[in-house]
Amino acid sequence: MEPVKVHIPKIAEPEIKYVFSILLKEILGCKIDFLTGESSHFIISQGEKSIEIKNVFFQDQSIKNLYSKDNIPDKTSTNKIAVNGVSLIYETLYGEPNIELSKTNTVIHFDIIASAFFMLTRWEEAISDQLDQLGRYNAKDALSVRNGFYCRPIINEYAHILLNIFKYMEFNIAEKEYSYEAVVTFDIDQIRKWFSFKQLLISIKDNLIEGKLNYCFKDIASYFRAKNKVDADPYCNFNYIVDSLKKRGIENATFYFKAITSESKYDRNKYSLSSKEIQDAFQLIKTSNYKIGIHPGFLTYDNPNLIAKEVSALAAHASQKINSVRQHYLKFKIPDTWRHQSLNQLTEDSTMIYPHEVGFRNGICQPFQVYDFEKRELMNMREFPLIFMESPYFSKRQKLIYDVAKVTDQVKKYGGVNTILWHNSNLEYPRDRQLYNEALKIIATS
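So, here is what we can say about the structure in this document. (Residues numbered from 1 in each chain as written. Predicted model: local features only at pLDDT ≥ 70, side-chain atom pairs only at ≥ 80, totals over all residues. Heavy atoms only, no water.)

Quick notes on helix α12 (residues 397-413)
Okay, step 1: Here α12 spans 25 Å end to end across 17 residues, near enough to the 24 Å set by a 1.5 Å rise per residue.
Okay, step 2: Along α12, the residues that are buried comprise Arg397, Leu400, Ile401, Asp403, Val404, Val407, Thr408, Gln410 and Val411.
Okay, step 3: On its buried side, α12 packs onto β16 (386-389), β17 (417-421) and α13 (430-443). (Helix = DSSP H or I, 4+ residues; strand = E, 2+ residues; numbered from the N terminus. Expected span 1.5 Å × (residues − 1). Buried < 20%, exposed > 50% of the residue type's maximum accessible area, 1.4 Å probe, protein only. Contact = heavy atoms within 4.5 Å.)

Pasting the structure below:
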């Protein structure tokens, strides 16, 4: 098939090429040739046909000047257009919410490139000093959350609009086949619930307060089963997890282990990587063709040396190279944490979700290469966006199922990767396992 030519201005060439590469090459599978010209806007052409995309954002020769609070839109708009009878939705962040369709010269008046760059790099977060109680970027301040499009993969929507315009204008391109994939991940913060008799008393008290008398008796029985046998503890449930994945035909899963106990009160891992139960878990995971990743501690997000120690410890005890990472408590500093991970030969991160609910923090439902907007270069790091995490939902269990179904429909529509997180410590009681299995049933490909 014939490549499409992408004409770009001389300003911000690396940034613009990065976005077009993701939209056209990675998502749509197009072959592209870049040409630098005098036009201040972006033009996609093939033969005599062209699509002009208005450049609203990348107009300043001093690129760093662009990343300021003044350049974050106050409001966005959700718009629709029909192309060849297909109804398409899009979000306007920069520019005017208008598309002038033509068989020969189409004009898109909103700045797709700036919008996609904004979401992919998360430069909005890097310049913010608004943090939550754990020192993380405060999700309620995110443009996508404030304007209600956090629950949509708007970058995939942009690519879908371009694809349908290509078809309408009869561009000679080969349409990429979409292939939905479900990936289930587990953060292994603890493998023991019953550290002491005091822990049993606390659990009984909590269950009595909640009126769950039957759970009190279950906890007592569980405590005595696990007292002298760690793998009988309800949190040491690797066999159950692997069996549940195989039952649903889920071929891709990653188990993120902690490696070193830190001084932070938020790092509660008290397991040893050399213990029999962890070594047995490593063997089970590897023979099941699942992955082992690092779940570095609360203090590692801005400390590459601490990450190095954890990666080295896990690699040694798991007897394999570790390349996948998810930060504990989703503690992340953009772009620094990506840099620290990459410095330690980690090549796949899966931390990007806001902790309050399901959604698309980067506005995309498939893995993508990370761009360092400060250094103006690609990183040797791919982000696997985390789309769902179960822990915010245990007080709203029906909403959990609704949101899993809603987000799965979105990811399937665009042939993306549906990465979800479930903590092994949240698979203790039958009602929790039932909820987990309902979620697996929804996301599974079969």
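Thoughts on the sheet that holds strand β3 (residues 42-46)
Okay, step 1: A sheet is described by the order of its strands in space; here six strands give the open sequence β2-β1-β3-β4-β8-β7, paired in mixed fashion. Each edge of the open sheet carries a strand with a single partner, namely β2 (32-36) and β7 (95-100). Mean inter-strand twist for the sheet, computed between neighbouring axes without regard to direction, equals 20°.
Okay, step 2: Sitting on the sheet, helix α1 (residues 13-27) is in contact with β1 (4-8), β2, β3 and β4 (49-53), with an inclination near 155° to β2. (Pairing = 2+ DSSP bridges. Axes fitted to C-alpha atoms, helices over the stretch in contact; angles between N-to-C directions.)

Some points on the environment of Thr261
Okay, step 1: Following the sequence through the fold, Thr261 ends up in the loop between β10 (252-257) and α9 (276-287).
Okay, step 2: On the accessibility criterion, Thr261 (48% relative accessible area) is partly exposed.

Some details on the packing of helix α8 (residues 238-247) against α13
Okay, step 1: Here α8 crosses α13 at 30°, and the two axes come no closer than 10 Å. Here α13 runs roughly parallel to α8, going by the angle between their axes. Every pair of crossing elements has a handedness; the one defined by α8 and α13 is right-handed. In contact with Tyr240, Ile241, Ser244 and Leu245 of α8, α13 contributes Arg433, Tyr436, Asn437 and Leu440.
Okay, step 2: Of the residues assigned to the contact of α8 with α13, the class counts are five nonpolar, two polar and one charged. (Parallel < 35°, antiparallel > 145°, perpendicular 65-115°, else oblique. Left-handed = near helix turned anticlockwise from the far one by under 90°. Nonpolar A, V, L, I, M, F, W, Y, C, P; charged D, E, K, R; others polar.)

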